[in-house]
Amino acid sequence: MRTTRLAASAVTALALIAGLSGCSKDKEDHSAHASSTTAAPTTTATTSAAKLTGSSAAPLPPPSPTHPPAPAPAPLTDVDCGPVTGGNGATAHVIAFASDAGRPGCTEAINVVSDYLDVPRTGDAAAVDGWTCEPQPDTAVPHICFNGGLTIGLRGDAAPASPPPPAPTPVRTVDPTKPPVTTTSSVPPAPSPDVEDVNCGPVTDAGGATRHVIAIGNTAGRPGCTEAINVATAYVTTIAPSDSVVVQGWQCNAQPDTTTPSVCSKDGLVIALRAN
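These notes cover the structure that comes with them. (Residues numbered from 1 in each chain as written. Predicted model: local features only at pLDDT ≥ 70, side-chain atom pairs only at ≥ 80, totals over all residues. Heavy atoms only, no water.)

1. With respect to the state of the cysteines
Basically, it comes down to this: By convention in this document, the label disulfide applies to cysteine sulfur atom pairs within 2.5 Å. The helix and strand labels rest on DSSP assignments: H or I over at least four residues marks a helix, E over at least two residues marks a strand, and numbering proceeds from the N terminus. Per-residue accessibility, obtained with a 1.4 Å probe over protein chains only, is compared with the maximum for each type, and a residue is labelled buried under 20%, exposed over 50%, and partly exposed between these values.
Evaluated as defined, the whole model comprises four disulfides. Linked covalently through their sulfurs, C133 and C145 form a disulfide whose S-S length is 2.0 Å. Taking the torsion about the S-S bond as the criterion, the C133 to C145 disulfide, at about 115°, is right-handed. Placement of C133 in strand 4 (residues 131-135) and of C145 in strand 5 (residues 143-147) is noted, with a sequence separation of 12 residues between them. For the residue pair C133 and C145, the accessibility class agrees, reading buried in each case. Disulfide pairing is shown between C200 and C225; the S-S distance is 2.1 Å. Because the sign of the S-S torsion sets the handedness, a value of about -75° for the bond joining C200 and C225 places this disulfide among the left-handed ones. Of this pair, C200 sits in strand 9 (residues 198-204) while C225 sits in helix 3 (residues 225-236), and the two are 25 residues apart along the sequence.

2. Looking at the pairing of strand 10 (residues 210-216)
What counts, and what does not: For two strands to be treated as a pair, DSSP must find no fewer than two bridges joining them.
Here strand 10 lies mainly inside the structure; five of its seven residues are buried. Bridge count for strand 9 against strand 10 is six bridges, and the pairing is antiparallel. Bridge pairing in strand 10 links G201 to V213. Connecting strand 9 to the antiparallel partner strand 10 that follows it, the hairpin turn spans five residues, and G208 within it adopts a positive phi of roughly 95°.

3. Overview of the sheet that holds strand 2 (residues 91-97)
The criterion, for reference: Axis definition: a line fit to C-alpha positions, over the contact stretch in the case of helices; interaxial angles, taken between N-to-C directions, run 0 to 180 degrees. The contact criterion used throughout is that any non-hydrogen atoms of two residues lie within 4.5 Å.
Spatially, the six strands line up as an open sheet ordered 1-2-6-5-4-3, and their pairing is antiparallel. What marks the edges here is a single partner per strand, and that holds for strand 1 (79-85) and strand 3 (126-128). Here the strands of the sheet are splayed against their neighbours by 25° on average, with no regard to which way each runs. Bridge analysis of strand 1 against strand 2 gives six bridges, and the strand direction is antiparallel. The partner of G82 across the bridge, within strand 2, is V94. Helix 2 (residues 106-117) contacts strand 1, strand 2, strand 3, strand 4, strand 5 and strand 6 (150-156) of the sheet and is inclined by roughly 30° relative to strand 1.

4. Focus on the side chain of R211
In plain terms, the rule: Pairing of N or O atoms within 3.5 Å defines a polar contact, subject to two protein rules: one partner must be a possible hydrogen donor and the other a possible acceptor, and residues neighboring in sequence count only if both atoms are side-chain atoms.
Of note, R211 is situated in strand 10. Residue class for R211 comes out buried when judged on its relative accessible area of 17%. At a separation of 3.5 Å, a polar atom in the side chain of R211 contacts the side chain of D205. Residues in contact with R211, not counting those within four places in the same chain, are G201, P202, V203, D205, V236, S262, L273 and R274.

5. What about the nonpolar core?
To keep things clear, this is the line we draw: Throughout this description, the term nonpolar core refers to a set of buried Ala, Val, Leu, Ile, Met, Phe, Trp, Tyr and Cys residues connected via side-chain atoms within 4.5 Å.
Ranked by size, the top nonpolar core spans 19 residues in total, and within it V94, V112, V113, L117, I152 and L154 carry the most contacts. Contributing elements (two or more residues each) for this core: strand 1, strand 2, helix 2, strand 3, strand 4 and strand 6. Among the elements that line this core, the one with the most residues is helix 2, at five residues. In contact with L154, other than residues within four places in its own chain, are V84, A92, H93, V94, V113, Y116, L117, A140, V141, P142 and H143. In terms of nonpolar packing, the next biggest core, distinct from the first, is built from 16 residues, V213, V231, V236 and L273 among them.

Honestly, it's all geometry; don't read function into it.
Below is the structure:
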């Protein structure tokens, strides 16, 4: 009986010891798991810190300061592009003027001014290579060219040559005894003091009547007989609706004169048609 009790006590004691061992193991496992879980962030933080600082413990440099604004560009100024010679033989300096619109380049300025000076000009504004060039009342810069707000000036006496004067109109003297004379004088020659009338011959009018063609001499000269006959023939053979008609540039008309009933006139010259 006593032996049985001892055996039961021993079994109970073994079971108790086993239970306590299991609990202890569970606690140890839980503690190890908790320790492992808690340690992981510490390792990560340490790695991150190493990445930021590198192998040295020196601190990172401070941020770069703000860059100051770039300085404003220098304002444009006038540029002397060099001298040129005008068509008048004088020289001037080509100035590229600066303005709010900018400043012409020297190459273009020289080309425009050269084309302007190489051609004789009358003094009026002239279109040159897309620019407008003209004289101005400024003794320092007497000529300028401008285009879209840009300006080129000529500082000096260079200027385009003046165009030659127009050729004088030839003056024809009328003398039936001599061939026509052409002169380049702008003053007409003085007419002969006495120019006689010349009877160039008869013509027949549309009615069959005869007229005598007279080249009248006066201070303007005297028509040639060939021209007088041609004009008179065309006039008297033309039936016109009025007494006045223009024939080959001559104004022919009837007049109340029984001796010379018709005359033709042009530039002061007179052809008379006398009745037979």
